[in-house]
Amino acid sequence: MASSSSTYNPPCAACKFLRRKCTAGCIFSGYFPPEEPQKFANVHKIFGASNVAKLLNDLLPHQRDDAVQSLAYEAEARVRDPVYGCVGAISFLQRQVDRLQKELDAANADLIRLAAASSPSVHMPPPPPHQRPAEFGRRFGNDGGGGGRFYQTPGYQITYNASPWADIYNPHGGGFDGNI
Amino acid sequence: MTIKSGTGQACAACKYQRRRCTPECLLAPFFPADQPKMFQNVHRLFGVKNIQNLLKELRPDQKVTAMKSIKFHALQRDKYPVHGCLFEIRHLNYQIQMAEDELQAVLQQLAYYRQQQQQQQQQQQQQQQQQQQIAATEDYMSELQLGVAPPRNAPFSLEDNNVVPQYNCVAPQASYSNSGNVDYSINYLDFKENNNVVNSFCEQQQHQQEQQQQTYSNSNDNNTSSMVVHPAHLIVPQALCVQQEIGQDYNEMHSFFDCVDDTQSYIGSKEACDSSLDSSPSKDTRQLVHEEMAENELKSAAAFFSLTSVN
């Protein structure tokens, strides 16, 4: 008489990759479904299973899903680009912000000049609304809820702030310009 | 107890691992001894073995760049344990979106101001053109009135919207002076169409004259002034109406004078005249009757003082 379990949980991708028994208390189950084996493979190759397990154990349950998603994204980026990884995307976005800021400054200068040249009787259109990144900070400000070292989200402003990546890569203050 | 390398102090990696830092240490160039926190972050996220595996696959010139990116990556993960580098990426995406929205708004405002400027320039040009046209028209009008400029051969143009009011006042006179018989014919046709209206107007004037018995001369003056006030296109038909009335009442006047006795006084003749005026003639016939009566009075007075005696 074979014992039949009422509920059968297939092993997670991590346990299948590591070839071990996937217990009920497996930290990876739920975050690495067996349908996505490549996801854990990348994470294991870059960070290692033990490091990921330690990182997930330090977080609250409601934070683990976001952490796994970010780790999977970073691992895949590093596999594709071993030199820059996801930092290449950050550098690209930083250059875009810088370019847009310069365009915005030039457009504002033109606007001020035209507004000063036009007559006072001309009806002034309402200025563009300045949206504050309050929602962005609130969305990603949950890092300070769990144990361990957690930091409050800094108050980012509309103006471009230099990322520490540039300082790390080039102590002289230059931009990210390295290519493979 | 860590064994120092030949060059000096052990690297942060070897110090953390508490092992001998050899000159062949791969991590020594990237993790100086005075920055232990940096290696701790990297070690916590990647691990020494994984770092070494990553560096083995790269060329020497790529190792420096790779290690810098790894250090930055570990620093971000240390700052944001949940999202890591993804926090910075999403923040930059948000900044880009905000900057693009603001840039679009500023460009819309710029387009608005440029459109305003164009409209102002167009209005100024239109005003200048209108002023030039008005000045040219005034010059022509002044020359026309002085008789310097020849009148226009074509009838007054209805297409000249700016000067239509002026030409409406001058048109009847111009039609008489030039070969613009078209205008006169138009006025004539208008008169013929409005003949019934004009005749009724003349009848109204005659009725008013019947009511003003005491102030006979004043009523004439009033009727005269009232006739002048009417619009210009009725002046010609009114004149014709007067002519017709005079012709129509001429026979009546003859019959009236037949019954007038020269020997009667002015007052008596006046009463007779008023009583017989069922369809009173116009002002001109009234003047004629008055003159007749005055003449009869003079004749009677002359007969009374005549040297020829009645006896």
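Residues numbered from 1 in each chain as written. Chains lettered and ligands numbered in written order. Predicted model: local features only at pLDDT ≥ 70, side-chain atom pairs only at ≥ 80, totals over all residues. Heavy atoms only, no water.

### With respect to the overall build of chain A
What counts, and what does not: By the criteria applied, helices consist of DSSP H or I runs no shorter than four residues and strands consist of E runs no shorter than two, each listed in order from the N terminus. Residue exposure (1.4 Å probe, protein chains only): buried if accessible area is under 20% of the type maximum, exposed if over 50%, otherwise partly exposed. In this description, contact between two residues means that some pair of their heavy atoms is separated by no more than 4.5 Å. In short, Shrake-Rupley with a 1.4 Å probe defines the accessible areas, and a residue's cover is counted only from the protein chains shown.
A count of helical and extended segments in chain A gives 7 helices and 0 strands. Helices (α) and strands (β) of chain A occur, in sequence order from the N terminus, as α-α-α-α-α-α-α. For chain A, with 180 residues in total, the buried portion stands at 39%. Within chain A, counting contacts between residues at least 6 apart in sequence, those at least 24 apart form 52% of the total. When the accessible surface of chain A is totalled, it reaches about 10900 Å², and 53% of it is carbon and sulfur.

### A look at the confidence of the model for chain B
All names here are of chain B. Our working definition: A residue's pLDDT is the predictor's confidence in that residue, given on a scale from 0 to 100.
When pLDDT is averaged along chain B, the result is 68, and 46% of the positions lie at 70 or above. Low confidence marks residues 1-6, where pLDDT is under 50. Its contacts with residues over four positions away, or in another chain, come to 7 contacts. Predicted confidence for residues 219-270 stays below pLDDT 50, and this span has 52 contacts to residues more than four positions away or in other chains. Across the interfaces of the predicted complex, the ipTM metric reaches 0.71, alongside a pTM of 0.53.

### Some points on the UniProt feature "coiled-coil region" (unreviewed entry) in chain A
In plain terms, the rule: UniProt positions are given in the numbering used here, feature names are shortened, and annotations may be inferred rather than shown by experiment.
Following the UniProt record, one finds the feature "coiled-coil region" (unreviewed entry) at residues 90-117 of chain A. Between the C-alpha atoms that bound residues 90-117 of chain A there is a distance of 41 Å. The span itself is 100% helix and 0% strand.

### Things to note about the pattern of salt bridges
Worth spelling out the cut-off: Salt bridges are identified by distance alone: a Lys or Arg side-chain nitrogen within 4 Å of an Asp or Glu carboxyl oxygen.
Applying the stated criterion across every chain, the model contains 8 salt bridges over all chains. Taking the shortest distance from any N to any O, the salt bridge between arginine 77 of chain B and glutamate 74 of chain A comes out at 3.0 Å. With arginine 77 of chain B in helix α4 (residues 60-79) and glutamate 74 of chain A in helix α4 (residues 61-80), this pair bridges two chains. Of the residues examined, arginine 77 of chain B reaches a relative accessible area of 6% and is grouped as buried. Residues glutamate 76 of chain A and arginine 80 of chain A are paired through a salt bridge, measuring 2.9 Å at the closest nitrogen-oxygen approach. Taken together, the residues glutamate 76 of chain A and arginine 80 of chain A, both in helix α4 and 4 residues apart, mark about one turn of the helix. Residue classification places glutamate 76 of chain A among the partly exposed residues on the basis of a relative accessible area of 34%. One network of salt bridges, in which partners are shared, links Lys37, Arg44 and Asp78 of chain B.

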